[in-house]
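Here's the letter readout for the chains.
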Amino acid sequence: MKSTTTKTDKKETLQEGKGNSEKATPERNEGYRNIFVEELKEIYFAEKALIISIPVMIKKAATDELVDALKVHLQFTQDHIKRLEDFFTSIGEATIILKYEAMYGLIKPGK
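Residues numbered from 1 in each chain as written. Predicted model: local features only at pLDDT ≥ 70, side-chain atom pairs only at ≥ 80, totals over all residues. Heavy atoms only, no water.

A.B. asks: Lay out the packing of aromatic side chains with the relevant residues and their values.
C.D. replies: Under the criterion given, the structure shown has 3 aromatic pairs. On the numbers, 6.1 Å between centres and 85 degrees between planes, the contact of Tyr44 with Phe88 is edge-to-face. Of this pair, Tyr44 sits in helix α2 (residues 26-60) while Phe88 sits in helix α3 (residues 64-90), and the two are 44 residues apart along the sequence. With a relative accessible area of 3%, Tyr44 lands in the buried category. An aromatic cluster is defined as three or more aromatic residues linked by ring pairs; in this entry it consists of Phe36, Tyr44, Phe87 and Phe88. (Phe/Tyr/Trp six-rings, centres within 6.5 Å; stacked < 30°, edge-to-face > 60°. Helix = DSSP H or I, 4+ residues; strand = E, 2+ residues; numbered from the N terminus. Buried < 20%, exposed > 50% of the residue type's maximum accessible area, 1.4 Å probe, protein only.)

A.B. asks: Explain α2 to me, using residue names and the numbers behind them.
C.D. replies: Over its 35 residues, α2 extends 51 Å from the first C-alpha to the last, a length consistent with the 51 Å expected when each residue adds 1.5 Å. A maximum bend of about 30 degrees is found in α2 at Ile51, where proline Pro55 lies one to four positions downstream. Taken as a whole, α2 has its buried residues at Val37, Leu40, Lys41, Tyr44, Phe45, Ala46, Glu47, Ala49, Leu50, Ser53, Ile54 and Ile58. (Expected span 1.5 Å × (residues − 1). Bend = angle between axes of the 7 residues up to and from the residue.)

A.B. asks: Summarise the environment of Ile52; cite the residues concerned and give the values.
C.D. replies: With respect to the secondary-structure elements, Ile52 resides in helix α2. Relative accessible area serves as the criterion here: at 57%, Ile52 is assigned to the exposed category. Taking the C-alpha atoms as reference points, Ile52 and Leu74, separated by 22 residues in sequence, lie 9.6 Å from one another.

A.B. asks: Describe the pattern of salt bridges, and please don't skip the residues or the numbers.
C.D. replies: A full pass over the atoms with the stated rule returns 4 salt bridges. Between Glu38 and Lys41 there is a salt bridge, and its shortest N-O distance comes to 3.5 Å. Residue Glu38 and its partner Lys41 are located together in helix α2, separated by 3 residues, close to a single helical turn. Between Glu93 and Lys41 there is a salt bridge whose closest N-O contact spans 3.3 Å. One end of the pair, Glu93, is in the loop between α3 and α4 (101-107); the other, Lys41, is in helix α2, and 52 residues separate them in sequence. (Salt bridge = Lys/Arg side-chain N within 4 Å of Asp/Glu carboxyl O.)

A.B. asks: Hey, could you go over the confidence of the model for the chain for me, with residue numbers and the actual values?
C.D. replies: For the chain, per-residue confidence averages 79 on the pLDDT scale, and 65% of positions sit at 70 or higher. Mean pLDDT across the elements of the chain ranges from a minimum in helix α1 (residues 7-21), with 49, to a maximum in α3, with 96. In this model residues 13-17 is a low-confidence stretch, pLDDT under 50, and it forms 0 contacts with partners more than four residues away in sequence or in other chains. (pLDDT = per-residue confidence, 0-100. Contact = heavy atoms within 4.5 Å.)

Quick look at the structure:
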């Protein structure tokens with residue numbers, strides 16, 4: 001037997017179901033914002049850690065090609081940090097340092 005349900009019927013059903021269980025509230029939105037900001041803080045910390053470790057890698061690099069690539073990466077990292085700092089300023093987030101343990105684990109072997 002062939003179904004007579006149309007795409008429009010499915011869309012309306014999904015919208016009805018979605019509206020009943022997932023209502024946007026200030027508390028829910030604030031929670032999402034906090035998660036987003038915390039993730040960006042982890043990214044910021046990782047970039048700041050790279051600012052310290054990339055120069056060390058440049059000194060230990062075996063080829064000029066690797067040195068050049070690391071210098072380019074260092075510039076990109078500095079640009080990322082600037083954009084993140086500008087973003088945090090724009091949303092009124094003063095404290096942006098967050099210790100990110102995973103990044104320490106990645107940097108440690110390089111030393």
